[in-house]
Amino acid sequence: MGGAFVNIGSSRPSLMDIKQNREPFIFPPFRRTKKSEANNYMLDEHVTAHENEHVSLDYEATDDVIEISSQNDYVKSMHNDDDDDEHDIEDEFDVSDVKENMNGGILDYGEVEADFLEGESETSAVPVAINGSSNSQMSHLQNKKDTNTVTNENKWARVQKGTKVIVQVVKEGLGSKGPTLTAYPKLKSRFWILLTRCDRIGISKKIGGVERTRLKVIAKTLQPLGFGLTVRTVAAGHSLEELQKDLEGLVSTWKNITEHAKSAALAADEGVEGAIPVILHRAMGQTLSVVQDYFNETVEKMVVDSPRTYHEVSNYLQEIAPDLCDRVELYNKRVPLFDEFNIEEEINNMLSKRVPLANGGSLVIEQTEALVSIDVNGGHGMFGHGNSQEKAILEVNLAAAKQIARELRLRDIGGIIVVDFIDMADDSNKRLVYEEVKKAVERDRSMVKVSELSRHGLMEITRKRVRPSVTFMISEPCACCHATGRVEALETSFSKIEQEISRLLAMMEERPDPGNPKSWPKFILRVDHHMCEYLTSGKRTRLAFLSSSLKVWILLKVARGFTRGAFEVKPFVDEKAHKDPPPVTISMLRSSEGRANNSGRKVTLFPVKKWKTGRK
């Protein structure tokens, strides 16, 4: 199936996709015992990377990427940096002097203990000819490729049960499905998306013209060796220094991740309990994530009602965009922030299945684990005949198209969405609705694809789903309907009660006499208040009908903790007869003259419980 299940500490199995031509991050890393094998591995690693330059990759960036440009020459000139003095290039390539592999890979030479070395973005692990010819150097690499068979090996062959690898959660679990993982992490910042085990550059499709060319040149200049880069939309118009500083933060984060992974792997090898699985890096909180993705020059202000959040956002903006700090406002009015901006009503509307439209129509949204269905209803806006009715239907569908795009963003609905528009006879009107939906989803930052309407008026929309929708996040399954969306009818519950009493009667050893009501068995029936009202309402109550038809006595009780449809039937037991002590009988004390007349009189004494009081 081209995948593997990984233990990440979750109760549900986590599935990871496998790409055999891309090596995962294994800890402890693969180790060679001979220096010659290490030389072959280093050379073949880069030859393979050069060969796989045109392998298609799956992009999951927030911004849509339509242009992917690869480096023409894998051997690149080295950037001038402070670390250049530490990595001098000689004419003869000595692999023992270059221990760094792409993305922080590790090699072990001889019997020396291997140390984890994170590849710097300014240094290259491929030899570059200085005094000699670069063509001869590349021909040497080509000869090594022809004579060695390591190039064609499966790079996942070393992964077995118990192997420790770095993975990243790309999609949260939903329903019975576990999280989806990838062995090639991606780190996102304000301007960049850093792709590991990759060597490609992607540009957001929302950037065009001269700015697109400028950012492509900057991306090629700043691209770390062995990493891919995706330029996000917000990067347009920013200087080289800002982009470089943002990228350095991503590379530093990746170094910390690999160092943490190394420590956890060594601890696990030493037998430390709980060393793995471990969270190496956690994405920023929801507040800062919103600031990173949405807060830019087009936003007038951001209002927060928490001093802690205010300082957190201000400190974050001070690092990435100091000019936006004055747009953050601390809300200090007595009226709650959500009431001031009518947020509570919007949250309540997100849980509603029915969404009203301005022209009288409505949307009915049903979310399931497989797909989401949206039904468009016309309401009183459908009145008319002939062309007037067709026009009214078009207006309702156009209004629904705008509202559907808004609901997808608000509820964060992903996956497959099937929309049932009102049937239209004119094909040109169907085209107008299709264009309106495409225009409405352009504001969505997630990747959305829209198909044309079918002859039955159905439209299929796909939207990238990374996490469960807001409805699933802020609500939980109903205890009454068991997440079906419907509750059991009272008549159905009444039938179940009748069957349960009949079942208990059939299990009784002694058969009661139907003609003698005193011999009828007694039962206690506990129900919820809805069922209690159903059984006792009307002149001829259903409880009396049930008692007379089954020849039983029923004691009805209301249980507060019962949900609708829940009930309990059990035989009646006289609890007082078992719990209370038997009464004490004594003769009354009388004088000798009156004993003859009152000799047969007795008094019964019952024990009296004393009430506990707080008085002393």
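If you're wondering where the values come from, they're calculated on a predicted model, not measured in any experiment.

Parameters at a glance
- Residues numbered from 1 in each chain as written.
- Predicted model: local features only at pLDDT ≥ 70, side-chain atom pairs only at ≥ 80, totals over all residues.
- Heavy atoms only, no water.
- Helix = DSSP H or I, 4+ residues; strand = E, 2+ residues; numbered from the N terminus.
- Buried < 20%, exposed > 50% of the residue type's maximum accessible area, 1.4 Å probe, protein only.
- Contact = heavy atoms within 4.5 Å.
- Areas by Shrake-Rupley, 256 points an atom, 1.4 Å probe, with all protein chains shown as cover.
- Expected span 1.5 Å × (residues − 1).
- Arc of directions from axis to C-beta.
- Phe/Tyr/Trp six-rings, centres within 6.5 Å; stacked < 30°, edge-to-face > 60°.
- Lys NZ or Arg CZ within 6 Å of the ring centre and 35° of its normal.
- Pairing = 2+ DSSP bridges.
- Axes fitted to C-alpha atoms, helices over the stretch in contact; angles between N-to-C directions.
- 1 Å grid on protein atoms, 1.4 Å probe; cavity = no way out; pocket = protein on both sides within 12 Å on 5 of 7 lines; lining within 4 Å.
- Points joined across faces, edges and corners; volume = space filled by probe spheres on them.
- Nonpolar A, V, L, I, M, F, W, Y, C, P; charged D, E, K, R; others polar.
- Polar contact = N/O pair within 3.5 Å; in protein donor to acceptor, adjacent residues only side chain to side chain.
- Salt bridge = Lys/Arg side-chain N within 4 Å of Asp/Glu carboxyl O.

Caption draft 1: Looking closely at the overall build of the chain. Each helix and strand in the chain was counted, giving 15 helices and 24 strands. The proportion of buried residues among the 616 residues of the chain is 36%. Taking all contacts inside the chain whose residues are at least 6 apart in sequence as the whole, residues at least 24 apart take part in 69%. As displayed, the chain offers around 37,800 Å² of accessible surface, 51% of which is attributable to carbon and sulfur atoms.

Caption draft 2: Helix α10 (residues 427-440), seen in detail. Compared with the 20 Å implied by 1.5 Å per residue over 14 residues, the 20 Å span of α10 between its first and last C-alpha is a close match. All of the buried residues in α10 are N429, K430, V433, Y434, E436, V437 and A440. All buried residues of α10 lie within an arc of 160 degrees about the axis, which places them on one face of the element. Exposed positions of α10 whose direction lies more than 90 degrees from the buried face are D427 and K439.

Caption draft 3: Here's a closer look at the packing of aromatic side chains. Under the criterion given, the structure shown has three aromatic pairs. Summarising the aromatic geometry, the rings of F25 and W254 are spaced 5.1 Å apart at their centres and angled 65 degrees between planes, so their arrangement reads as edge-to-face. Of this pair, F25 sits in the loop between β2 (14-17) and β3 (26-27) while W254 sits in helix α4 (residues 240-269), and the two are 229 residues apart along the sequence. Judged by its relative accessible area of 4%, F25 falls in the buried class. For W254, a relative accessible area of 1% puts it in the buried group. With a centroid separation of 6.2 Å and 70 degrees between ring planes, the pair formed by F494 and Y534 is classed as edge-to-face. Of this pair, F494 sits in helix α12 (residues 490-507) while Y534 sits in helix α13 (residues 529-536); the two residues are 40 residues apart in sequence, bridging distant segments of the chain. Taking the ring centre of Y184 as reference, the NZ or CZ of R22 above it sits at 4.2 Å.

Caption draft 4: The arrangement of the environment of G457 in detail. Relative to the helices and strands, G457 resides in the loop between β18 (448-450) and β19 (458-463). For G457, a relative accessible area of 5% corresponds to the buried category. Residues G457 and A425, 32 residues apart in the sequence, show an inter-C-alpha distance of 9.7 Å. Apart from the residues lying within four places of it in its own chain, the contact partners of G457 are V419, D420, F421 and D423.

Caption draft 5: The sheet that holds strand β6 (residues 168-171), seen in detail. The sheet built from four strands is open, its strands ordered β1-β2-β7-β6 with mixed pairing. Of all the strands in the sheet, the pair left with one neighbour each is β1 (3-6) and β6. Neighbour-to-neighbour, the strand axes of this sheet turn through a mean angle of 40 degrees, independent of strand direction. Relative to β2, β1 is paired through four bridges, and the arrangement is antiparallel. For A4, the partnering residue across the bridge sits in β2 and is M16.

Caption draft 6: Just the layout of surface pockets, in detail. Considering only enclosed or pocket space, the second largest pocket measures out at about 570 Å³ in volume. Lining the second largest pocket are 17 residues, with K353, Q367, T471, F472 and A483 sitting closest to its centre. Of all the secondary structure elements, the ones that give two or more residues to the lining of the second largest pocket are β15 (362-367) and α11 (470-474). Looking at the lining of the second largest pocket element by element, the count peaks at three residues for β15. Residues belonging to the lining of the second largest pocket are distributed by class as follows: seven nonpolar, six polar and four charged.

Caption draft 7: Expanded view of the pairing of strand β10 (residues 200-204). Across the five residues that make up β10, a large majority, five, are buried. Along β10, one buried face is formed by R200, G202 and S204 and the opposite face, lined by I201 and I203, is buried too. Where β10 and strand β11 (residues 228-231) come together, three bridges link them in parallel fashion. Residue I201 lies in a different strand from β11, and its bridge partner there is L229.

Caption draft 8: Representation of the side chain of D444 in the model. With respect to the helices, strands and loops of the structure, D444 is situated in the loop between α10 and β18. A distance of 3.0 Å separates a polar atom in the side chain of D444 from the backbone nitrogen of S446. A distance of 2.7 Å separates a polar atom in the side chain of D444 from a polar atom in the side chain of R463. Excluding its chain neighbours within four sequence positions, the residues that come into contact with D444 are K206, R409 and R463.

Caption draft 9: How the structure looks around the side chain of Q403. With respect to the helices, strands and loops of the structure, Q403 is situated in helix α9 (residues 387-411). Taking the relative accessible area as the measure of exposure, Q403 reaches 17% and is therefore buried. Among the polar contacts listed, one links the side chain of Q403 to the side chain of E407, at a separation of 2.8 Å. Those residues within four positions of Q403 in sequence are excluded, and the remaining contacts are V355, L357 and L363.

Caption draft 10: Structural context of the pairing of strand β17 (residues 415-420). Relative to β17, strand β16 (residues 371-377) runs parallel, the two sharing five bridges. Across the sheet, residue V372 finds its bridge partner in β17, namely I417. As judged from the six bridges shared by β17 and β19, these two strands associate in the antiparallel manner. Paired with V419 across the two strands is M459, which belongs to β19.

Caption draft 11: The pattern of salt bridges, seen in detail. According to the stated counting rule, one finds 17 salt bridges in the structure shown. Ionic pairing is found between K188 and D293, a salt bridge with its closest N-O pair at 3.6 Å. Of this pair, K188 sits in strand β8 (residues 186-188) while D293 sits in helix α5 (residues 286-294); the two residues are 105 residues apart in sequence, bridging distant segments of the chain. A relative accessible area of 35% places K188 in the partly exposed class.

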